[in-house]
Amino acid sequence: QVHVVESGGGLVQAGGSLRLSCAASGNIFSINAMGWYRQAPGKQRELVATITNGGSTNYADSVKGRFTVSRDNAKNTVVLQMFHLKPEDTGVYYCYAELRTSFYFDNYAQCWGQGTQVTVSS
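Owing to the predicted nature of the structure, the values given are computational and were not obtained by experimental measurement.

So, how was this worked out
- Positions within a chain are numbered from 1, following the residues in the order the chain's sequence is written.
- Under the rules for a predicted model, residues below a pLDDT of 70 receive no local features and side-chain atom pairs below 80 are neither given nor counted, while totals for whole chains, interfaces and linings still include all residues.
- By convention in this description, side-chain values take in all heavy atoms of the structure and omit both hydrogens and water.
- Helix and strand assignments come from DSSP, with helices taken as H or I runs of at least 4 residues and strands as E runs of at least 2, each series counted from the N terminus.
- Strand pairing is assigned whenever DSSP detects at least two bridges linking the two strands.
- Here, axes are lines fitted to C-alpha atoms. For helices the fit covers the stretch in contact, and angles between N-to-C directions go from 0 to 180 degrees.

Caption draft 1: Representation of unusual backbone geometry in the model. Positive phi, close to 55°, is recorded for Asn76, a residue that is not glycine. Although it is not a glycine, His84 sits at a positive phi angle of roughly 50°. Here His84 lies in the loop between β8 (77-82) and β9 (91-100).

Shown next, in the form of structure tokens:
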């Protein structure tokens with residue numbers, strides 16, 4: 001049983017900033033990667049940023065230069081620092097963790113948080 005919990009969402013004006021945090025806990029053997037997706041109303045969930053255990057990052061083109069993803073492997077946490085927010089950044093942000101729960105089986109599962117709302121006003 002794994003729990004993934006996000007925090008830090010809220011309402012900000014365009015040009016502002018927010019810091020989202022996520023922590024994975026429970027029956028975790030190891031985490032291969034963590035990251036963030038978002039979903040705007042009526043649209044599909046899309047990748048925002050990911051980071052591997054080794055520190056390799058990947059960003060959506062729409063957020064490059066504005067968002068930074070980082071992690072603390074020892075604490076199974078990932079942070080998304082968002083600057084220069086735009087109204088189009090509005091949506092529910094979901095944290096995910098790609099992880100192993102077993103010492104014996106080398107299989108990775110993808111676990112999702114409940115989401116945190118980010119609203120950017122114009």
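Caption draft 2: Spatial organisation of the sheet that holds strand β7 (residues 67-72). Read from one edge to the other, the open sheet built from four strands follows the order β1-β3-β8-β7, with strand pairing classed as antiparallel. Of all strands in the sheet, those with a lone pairing partner are β1 (2-7) and β7, marking the two edges. Strand-to-strand twist across the sheet, computed as the mean angle between neighbouring axes with direction ignored, equals 15°. Looking at chain direction, strand β3 (residues 18-26) and β8 are connected through six bridges and run antiparallel. Directly across from Ala23, in β8, lies its bridge partner Thr77.

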